[in-house]
Amino acid sequence: MSELDFSAALEKIDIAPQPSAWIGHIPFGTWIVEVVKPRVLVELGTHFGHSYFSFCQAVERARLDAKCYAVDLWQGDEHAGLYGEEVFSDVQSRNVQFESFSRLLRMTFDDAVNYFSDGSIDLLHIDGLHTYEAVKHDFESWKPKLTQRSVVLFHDINVRERGFGVWRLWEELSGAYPTIEFMHSHGLGVLFYGPDQCPATVSLLRSFGTEAGRSYITRLFGGLGRSIEIDRKIVDLSKALSERVEAAAGTEEELRHQVAARDERIGELQAQHAEVAARLKVKEAQLNVCETRVSDMYGRLNHLETLDELRRAEQIKRERERASSQLQLAQALEREAALDASLREVWASTSWKVTRPVRWAGARLANARAVKRLFGPASKATGGRLRLMQTVGKVLAQEGISGLKRRIVAFDQSGYVAHMQTEPALEQRQTHYTVNRHSATVDVIVCVHNALSDVKNCLSSVVAHTLPPYRIIVVDDGSDEDTKNYLAEFVQEQGGVLVRHDIAKGYTLAANAGMRVSNGEFVVLLNSDTVVSDQWLDRMVECAASDPRIGMVGPLSNTASWQSVPRIFDEDGDWSSNPLPPELTISAMARRVAMASRRSYPRVGFLNGFCLLIRREQLTDVGLFDEETFGKGYGEENDLCIRAFLKGWQLAVADDVYVFHAQSKSYSTERRMKLVKAADENLHRKHTSAPIMSQLEITRYNLGLTAARSRMQVMDERLRIREQIRQRFEGKQILIVLPIFHAGGGANVILSEASVLQECGVDVVIANIEVARASFETSYPNCRLAKLWLSDWNQLSEHAHLYDAIVATLYLSVFWIKAALEKCPHKPVVGYYIQDFEPDFFEEGSESYRQALASYSEVPMKLMTKTRWNQRMVVEKTGKTPALVGPSFDWSRFSPPATQRSPGKVVVCAMVRPSTPRRGPQMTVNILRRLLTERADAVQVRTFGCVSTDPILDSLKSFPGYRNYGELSSAEVEALMRRADVFLDLSVYQAMGLSCLEAMASGATVIGPVNGGLSEIVIHEESGLLVDTRDEEQIMRACLRLVDDFDLRRRLGTAGVERTSIYFPDRSASALAQTIFSDETASEVCQ
Amino acid sequence: MKKRIHVMFECGADGMPYGASHIRLLRPLSHPSVQDQVSLTFGTDLPEFAVDLVILERGWRHDHTLADQARLLKRLTLLGIPYIYEIDDNLLDLNVEPGAPDYPNSEQRQIIIRYARNAAGIIVSTHALKRRMARLNPNIHVVGNHLDERLFDFDYLQRRFQKRQEFGDSSLVIGYMGTYSHLGDLLMIVEPLRRFLYARKDSIRMEIVGIGDEELVRGLFNDLPVSVVKVPSGQVEYPRFMTWMQREIEWDFAIAPLVASEFNDCKSDLKFLDYSLNFIPGIYSATESYIETVLNQRNGLLVPAESREWTDALNLLAEDSAFRRTLSEEAFSYVRESRTLEKNAVRWGEAIETILAKISGSMADKDHSLDQISLTVTA
């Protein structure tokens, strides 16, 4: 095809303004004129001259020695319709510029034929009456006039309605002559008459003889034709638009009148609306009265629950299991009576009376939150909002407010809401995001007691890294003169509020003083020895805004107890201070934290008070620091955390924020230890040990924080690798042949590594076939890689030479690449990314087995694979040694859930894929069924991978604790993994074991096959359990151990999260690029 | 013989060239001093007539896709027209931090890489940018920024400058010019600025051109005397903006803070040129962009990223009108003498010739067959 020059097709042609189906063929028409160079050109049926004058323009531009004749009566026919003399006049005037070589013959075709000698016409265009008989007659009668190098064009070969018959004649002629055809713009047939065709038409015919050539040329001229048609449409639409605009101007006045009338009507409606609003206000006042009464009930219940949380929880649990609904009601009434008695005592106390307004407001909020939380589920349960309101009205009328309260409590305890909340749809999270500027008002409270140098750093960093709206509230807690003066000056110059205590009152009172002054929607308590970085506040607010139940947010830091990264403890077992390396700035560290974060916002039981964002609603609900008990400092933030937690507020870590903490000490170590000890005792005295230990456990074993720490530990290496890729491979073009329709493990790995390469400037393109496009895009809706969609794999030959490297990912793709390279002028490097030992997918000795085995040596290429097991398999069976790129998974997506796994029912998750026997589907179902039978009360089972109607799942369906999710997209698998406690992979073997890796990263404990490459990732009894997946009893024992032993699950799960942090895709992506582009590796592999 | 050059400038939805397009390409290549060498045309697409060279700027069109790019490159190949890629920002390292705005997105970055890699050569604005882009194409040349003296009424500016000297230090205006993307740079010096403005609020006010978000500015400076000067909609295009600026902006001195970063370090000293030709002395960040041009205490002030240093520099200029005059005269004469197109437009012709000479040998070997560029790549 390289000898064909189609540039003539791109030349601009002046086209008559009337509509015509022919304009889509102008590029080919002008091109064929220029290559055939006709001495005589005849057109039968010219009408407006769209085709004829484009031929003439080509003749003129190419300066051809040609004579052109247009034959027509210019009166129309049954197909074109009849028209007047103006058409011919127009054609005549257009012909003037070409009259040196063009003549118009206004006569019938039969009359005109006598004016031409036999064997004289090189190019004939037949476009007269389009019936079969007429066209056949035209062709037969003009055929003797054709030369032996002539070309005949037939328009409308793709029109079959309205008596058009060109298609029929064309079918006959196609069998008898060499022809090519274009189906766009009503179709154009091109017939090559005679054996003496010019070289260009011979080449054209030859190219058309190949699928690729035919596809290319038809797409080229189809595309060029469509471009002209679109241009024409644009012109027509512009014209129509202008006319519409003119017409619109005329109706503007009328519309004005209509608008005035509407305005009047709006005024009336607004008046009606005001009336309705007034009535609504009255109703709301009535509702408030009801709410007040309901909230009293809640207030009393909450108070009782706070007094003896654990005992009551246990009691309620036992009661719920045993008692009938009648008994429950009786017990609730009894509890209410006891509560009333307790409350009467409390009400008699002075402090209770004094704090009544705060409690009242808090109770209103608690009530509002409960109503908000229950409203949706209750609406759903009753069949809609209207029905719910009807039910509420009925209950109020029949049972009064106390009846309604009982109903609400019973509904809340029924588990309906909990069930709804544990089984939401599998949400899909975005990996790419843009931090939004916060719009909520924030008061940043900095309490200062001397340490001026730290204070300056802190305040400067806040000013330099915080966008409005925010206000700084500085509480000067008895600082010395220098600090006092500095702070006074700072607030004057920088704006904000200064609260001064002439005598230091300690942190608790200072912070409370600041909070009393604040009125922002959020408050941040920021220690004066901290340094913040870009976007710190936007990100903290975004974390809080992600869930209205979050009451407090804390960032990660170098030293902030459980929020420390990269390590919590130092070598002496004390809290680590994690000093920054000299070359690393605080801003750079903050960028690393954001880069490592999945923004899962782990929910914890305690937050360090060095930087604490508090929602205004929580402040109102829970109150300030307890000055009475913790007035000397230490323990006040833990007390606040416990109180907030018990009120149902969530405490979240903004795991994408890093705030540096210099942790200057106000007191000596000895004095500090004493204060800490005293505070600890106060805390236990105030709350008892149970809630403290429970919240501590949630924080200490938080998998989200574990993930944050372990991922930070590999950031150095990750960034170094990225820089290496950028330095060595930026701009390299790699085509990855990925023939897939749906999401799958192998594709996930390749796409995540390709994304890393893309982020480092490598020009990566994914090749797939067009028919897979829709399902691929559904499976990977957020894939930002460039794709090359091919009509079929033969088309690969048209693109392969444009790349520096082409990578096969499946044994068949090796053969497609081989075929493509045979036609390539420039041969790219070829790589083969082996993710499994594919011959084993087939029966040994079968054709497919042999083909898969042959794929490893079919083309000189650079082999690479993920695990040593896979490497060994290839070496043993082929003698080839693939390079090892190492296991990896999409690090940016899989992370533990925000909330702690509870010791309640164990969620066991597994993939069941009946179409892939090596994945052990039947064994998986057997194990799951036994688990559901033997641990009915302790286990919930979740499966995915096949539709729920698949017979293999029949034996599981009857269990109430079972649910199948069907085929899942990659993002849905990610969501499911976050809900699983145990993930089961009972494949006969795993080349790498991506699902286990993803499950581990999500915090699930895994059981996988000991056979294969998984054992290189999972350390048995340390980060998971490996079993002989052919041994049902061994598998069952492992499952029961995990189900029965919460501590074992937690230990292995935590180790799993830590283990997976080293399998980031950057390392494998780098190894992939190095393997492909390294000559040394090439020679090694080729041996 | 004149070289027929067609510039395909970067533009947004309105199809109008950005300021950078004017500064970098349209003004230099239409300058009278190169009229015997260059016949310039420009637009958002290839022309319908023959040209010898196309210069593609940055990301070309805002809605440009990889498929569009493939089509464009294929057309160029088909027509046998070489192209030079011109870029004046390190877009490859812009907004790479997590959570940053999605510009340029992954597709736009890939487009830039392909333009750079496939071009006959690249022209960039700074040596730092050259170092960054050279990995993609070794045929790369630096042509710095120069202002078009035809856009300035020097007599008017001189008269106004003289007149301003009469006012002394009793009522000064400090200015800042920068788009929203420079918010982080301004934020870096908000603390010293607030301190400075508070201390001199009766005698100094500040004007900001570019960051049009008044609420944001109010939030940053509260009650301090800071105002946003809005450029009228009809004056936004670069040549008109320059005229507007000369007439409407009367600053006693100006600031150009720049946070050191991979992106900013590749930026040029353009703000120094803009301020200087308007007789405005300036305070500049001591970053790679300015350290070559700004001679500290001679034609401007160079200041590191320290709050105290910025405060000192601001106070120094506010208190010494003679010093301001010296700096502005020095800066003006340097830019007028050395950094206008009058003497430098020829550098564009030289760079283009050098690039084309380097590829002339290899061009003959290249296969310009139809199917050289893939048509079907999508993002």
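Before going into details, it helps to say that this report is about the structure given with it.

Conventions we followed
The residue numbering used here restarts from 1 in each chain and proceeds along that chain's sequence as written. To read the labels, note that chains go from A and ligands from 1, taken in the order they are written. At least 70 in pLDDT is required for a residue's local features to be given in this predicted model, at least 80 for side-chain atom pairs to be given and counted, and no such filter applies to totals for whole chains, interfaces and linings, which use all residues. In computing side-chain properties, one takes all heavy atoms of the structure into account and sets aside hydrogens as well as water. Where helices and strands are cited, they refer to DSSP runs of H or I of at least four residues and of E of at least two residues respectively, numbered from the N terminus. With C-alpha atoms as the basis for the radius of gyration, the globule rule is written as 2.2 Å multiplied by the number of residues raised to the power 0.38. Here's how the labels work: a residue is buried when its accessible area is under 20% of the maximum for its type, exposed when over 50%, partly exposed in between, all with a 1.4 Å probe on protein chains only. Whether two residues are in contact is decided by their heavy atoms, any of which lying within 4.5 Å being enough. Note on areas: Shrake-Rupley, 1.4 Å probe, and residue coverage restricted to the protein chains presented here. For the charge count, each Lys or Arg is scored as positive and each Asp or Glu as negative, with His and the chain ends excluded. By convention, the charge on Lys lies at NZ, on Arg at CZ, on Asp at CG and on Glu at CD. Accessible area that two parts lose when put together, with a 1.4 Å probe and added across both, is what the buried area reports. What counts as a salt bridge is simple: a side-chain nitrogen of Lys or Arg found within 4 Å of a carboxyl oxygen of Asp or Glu. Two N or O atoms count as a polar contact when they lie within 3.5 Å, although within protein this holds only if one can serve as hydrogen donor and the other as acceptor, and sequence-adjacent residues are included solely when both atoms are side-chain atoms. As used here, the term nonpolar core means buried Ala, Val, Leu, Ile, Met, Phe, Trp, Tyr and Cys residues forming a set that is joined through side-chain atoms within 4.5 Å. For each structure, a 1 Å grid was placed over the protein atoms alone; sets of points admitting a 1.4 Å probe that cannot get out are labelled cavities, open sets with protein on both sides within 12 Å along at least five of seven lines are labelled pockets, and lining residues have an atom within 4 Å of a point. Grid points are joined across faces, edges and corners, and a volume is the space filled by probe spheres set on the points. Residues are grouped as follows: nonpolar covers Ala, Val, Leu, Ile, Met, Phe, Trp, Tyr, Cys and Pro; charged covers Asp, Glu, Lys and Arg; every other residue, Gly included, is treated as polar. A pair of strands is treated as paired once DSSP finds two or more bridges between them. In this description, a line fitted to the C-alpha atoms serves as the axis of each element, helices being fitted only across the stretch in contact, and the angle between N-to-C directions of two axes falls anywhere from 0 to 180 degrees. Orient the strands so they point away from the viewer; a crossover is then right-handed if the path from the first strand over the helix to the second runs clockwise. These descriptions rest on fixed angle ranges, namely under 35 degrees for roughly parallel, over 145 for roughly antiparallel, 65 to 115 for roughly perpendicular, and the rest for oblique.

**Remarks on the overall build of chain B**
Phase 1 of the analysis: Along the backbone of chain B there are 15 helices and 13 strands.
Phase 2 of the analysis: By the compact-globule yardstick of 21 Å for 379 residues, chain B fits well, its C-alpha radius of gyration being 22 Å.
Phase 3 of the analysis: Looking at the 379 residues of chain B, the share that counts as buried comes to 57%.
Phase 4 of the analysis: In chain B, the share of contacts with a sequence separation of at least 24, taken over all contacts with a separation of at least 6, comes to 74%.
Phase 5 of the analysis: Summed over its atoms, the accessible surface of chain B is roughly 15,000 Å², and 49% of this surface lies on carbon and sulfur atoms.
Phase 6 of the analysis: Here chain B carries 43 positive and 54 negative side-chain charges, and the mean point of each set is 2 Å from the other.

**Quick look at the interface of chain A and chain B**
Phase 1 of the analysis: Each side of the interface is counted separately: chain A has 55 residues, and chain B has 46 residues.
Phase 2 of the analysis: Buried area between chain A and chain B, both sides added, is near 4,200 Å², and the carbon and sulfur share of it is 51%.
Phase 3 of the analysis: Considering only the surface of chain A that becomes buried against chain B, Glu493(A), Gln494(A) and Glu730(A) emerge as the three largest contributors, covering 14% of it.
Phase 4 of the analysis: At the surface where chain A touches chain B, the tally comes to seven salt bridges.
Phase 5 of the analysis: Note that Glu730(A) is salt-bridged to Arg135(B), the shortest N-O span being 2.9 Å.
Phase 6 of the analysis: Counting the contacts that link chain A with chain B gives 22 residue pairs in polar contact (both at pLDDT 80 or more).

**Structural notes on the nonpolar core**
Phase 1 of the analysis: In this structure, Met552(A), Leu757(A), Phe944(A) and Phe983(A) are the most contacted members of the largest nonpolar core, which totals 113 residues.
Phase 2 of the analysis: Filtering out sequence-adjacent residues up to four positions away, Phe944(A) remains in contact with Cys909(A), Ala910(A), Met911(A), Val912(A), Asn964(A), Tyr965(A), Gly966(A), Leu968(A), Val973(A), Leu976(A) and Phe983(A).
Phase 3 of the analysis: One finds Leu467(A), Leu157(B), Phe241(B) and Phe323(B) within the second-largest nonpolar core, a separate group that totals 107 residues.

**Considerations on the side chain of Arg592(A)**
Residues and elements named next belong to chain A.
Phase 1 of the analysis: Mapped onto the secondary structure, Arg592 falls in helix 19 (residues 586–596).
Phase 2 of the analysis: Given the relative accessible area of 17%, Arg592 is considered buried.
Phase 3 of the analysis: Apart from residues no more than four positions distant in its own chain, Arg592 is found in contact with Leu584, Met712, Met715, Asp716 and Leu719.

**Here we look at unusual backbone geometry**
Phase 1 of the analysis: With an omega of 0°, the peptide bond between Val565(A) and Pro566(A) qualifies as cis.
Phase 2 of the analysis: With an omega of -10°, the peptide bond between Tyr103(B) and Pro104(B) qualifies as cis.
Phase 3 of the analysis: One non-glycine residue, His47(A), lies in positive phi territory at about 50°.
Phase 4 of the analysis: Within the element layout of this structure, His47(A) appears in the loop between strand 1 (40–44) and helix 2 (50–61).
Phase 5 of the analysis: We note that Arg58(B) has phi near 45°; this positive angle belongs to a residue other than glycine.
Phase 6 of the analysis: Inspection of the secondary structure puts Arg58(B) in the loop between strand 3 (53–57) and helix 2 (66–79).

**Comments concerning empty space enclosed by the protein**
All names here are of chain A.
Phase 1 of the analysis: Considering all chains together, one arrives at five cavities of 30 Å³ or more under this definition.
Phase 2 of the analysis: Empty space within the largest cavity amounts to approximately 170 Å³.
Phase 3 of the analysis: Lining the largest cavity are 15 residues, with Leu703, Arg901, Gly1003, Arg1049 and Arg1050 positioned closest to its centre.
Phase 4 of the analysis: It is helix 37 (residues 1046–1060) that provides the largest number of residues to the lining of the largest cavity, a total of five residues.
Phase 5 of the analysis: A breakdown of the residues in the lining of the largest cavity according to their chemical character gives five nonpolar, six polar and four charged.

**A look at the sheet that holds strand 28 (residues 939–944) of chain A**
Residues and elements named next belong to chain A.
Phase 1 of the analysis: Read across the open sheet, the six strands follow the order 29-28-27-30-31-32; overall the sheet is parallel. The open sheet has two edge strands with one neighbour each: strand 29 (962–964) and strand 32 (1025–1027). For this sheet, the mean angle separating the axes of adjacent strands, direction not counted, is 20°.
Phase 2 of the analysis: Both strand 30 (residues 982–984) and strand 31 (residues 1005–1009) contribute to a ladder of three bridges, which runs parallel. Its bridge partner being in strand 31, Phe983 is matched across the sheet by Val1006.
Phase 3 of the analysis: Contacts from helix 34 (residues 970–979) reach strand 27 (906–911), strand 28 and strand 30, with the element oriented near 165° to strand 28.
Phase 4 of the analysis: Across the sheet, helix 37 touches strand 27, strand 30, strand 31 and strand 32, and the angle it forms with strand 31 is around 80°.

**A few points about the pairing of strand 24 (residues 829–834) of chain A**
All names here are of chain A.
Phase 1 of the analysis: By the criterion of burial, strand 24 is predominantly enclosed, with five of the six residues buried.
Phase 2 of the analysis: Examined bridge by bridge, strand 23 (residues 805–808) and strand 24 share four bridges and lie parallel to one another. Bridge pairing in strand 24 links Ile806 to Val830.
Phase 3 of the analysis: With respect to chirality, the unit in which strand 23 leads through helix 29 (residues 811–822) into the neighbouring parallel strand 24 is right-handed.
Phase 4 of the analysis: Sheet topology note: the strand 24/strand 25 (residues 862–865) ladder contains four bridges and is parallel. Its bridge partner lying in strand 25, Gly831 is registered against Lys862.

**Regarding the pairing of strand 5 (residues 121–124) of chain B**
Residue and element names in this part refer to chain B.
Phase 1 of the analysis: Here strand 5 shows a buried face lined by Gly121 and Ile123 and a second buried face lined by Ile122 and Val124.
Phase 2 of the analysis: For the crossover that starts at strand 4 (residues 83–87), traverses helix 3 (residues 106–118) and ends in the parallel strand 5, the hand is right-handed.
Phase 3 of the analysis: Of the strand pairs in this sheet, strand 5 and strand 6 (residues 140–142) are connected by three bridges, and their pairing is parallel. By the bridge assignment for strand 6, Ile123 is matched with His141.
Phase 4 of the analysis: Handedness of the crossover joining strand 5 and strand 6 through helix 4 (residues 127–133): right-handed.

**Describing the pattern of salt bridges**
Pairs may arise between side chains of opposite charge once their charged atoms sit close together.
Phase 1 of the analysis: Under the defined criterion, the tally for this structure stands at 80 salt bridges over all chains.
Phase 2 of the analysis: Arg1041(A) is the salt-bridge partner of Glu1021(A), the closest N and O atoms lying 2.8 Å from each other. Linking Glu1021(A) in the loop between strand 31 and strand 32 with Arg1041(A) in helix 36 (residues 1032–1044), this pair joins segments that are 20 residues apart in sequence.
Phase 3 of the analysis: Judged by its relative accessible area of 38%, Arg1041(A) falls in the partly exposed class.
Phase 4 of the analysis: Between Glu288(B) and Arg131(B) there is a salt bridge, with the nearest N and O atoms lying 2.6 Å from each other. One end of the pair, Glu288(B), is in helix 11 (residues 288–291); the other, Arg131(B), is in helix 4, and 157 residues separate them in sequence.
Phase 5 of the analysis: In the salt-bridge network here, residues are joined through shared partners; they are Arg598(A), Asp890(A), Arg893(A), Glu974(A) and Arg978(A).

**A short note on the packing of helix 15 (residues 452–465) of chain A against helix 16 (residues 481–494) of chain A**
All names here are of chain A.
Phase 1 of the analysis: Relative orientation of the contacting elements helix 15 and helix 16 amounts to 10°, with a least axis distance of 11 Å. Accordingly, the angle class assigned to the pair helix 15 and helix 16 is roughly parallel. Between helix 15 and helix 16, the residues in contact are Leu452, Val455, Lys456, Leu459 and Val463 and Asp482, Thr483, Tyr486, Leu487, Phe490 and Gln494, respectively.
Phase 2 of the analysis: Of the residues contributing to the contact of helix 15 with helix 16, the split by class is seven nonpolar, two polar and two charged.

**Describing the packing of helix 23 (residues 669–687) of chain A against helix 24 (residues 689–700) of chain A**
Residue and element names in this part refer to chain A.
Phase 1 of the analysis: Where helix 23 contacts helix 24, the two axes come as close as 7 Å, and the packing angle between them is 115°. It follows that helix 23 is roughly perpendicular to helix 24 by the angle criterion. Taking contact as the criterion, the partners of Leu683, His684 and His687 in helix 23 are, on helix 24, Ser689, Pro691 and Ile692.
Phase 2 of the analysis: Class assignment for the residues of the contact of helix 23 with helix 24 results in three nonpolar, three polar and no charged.

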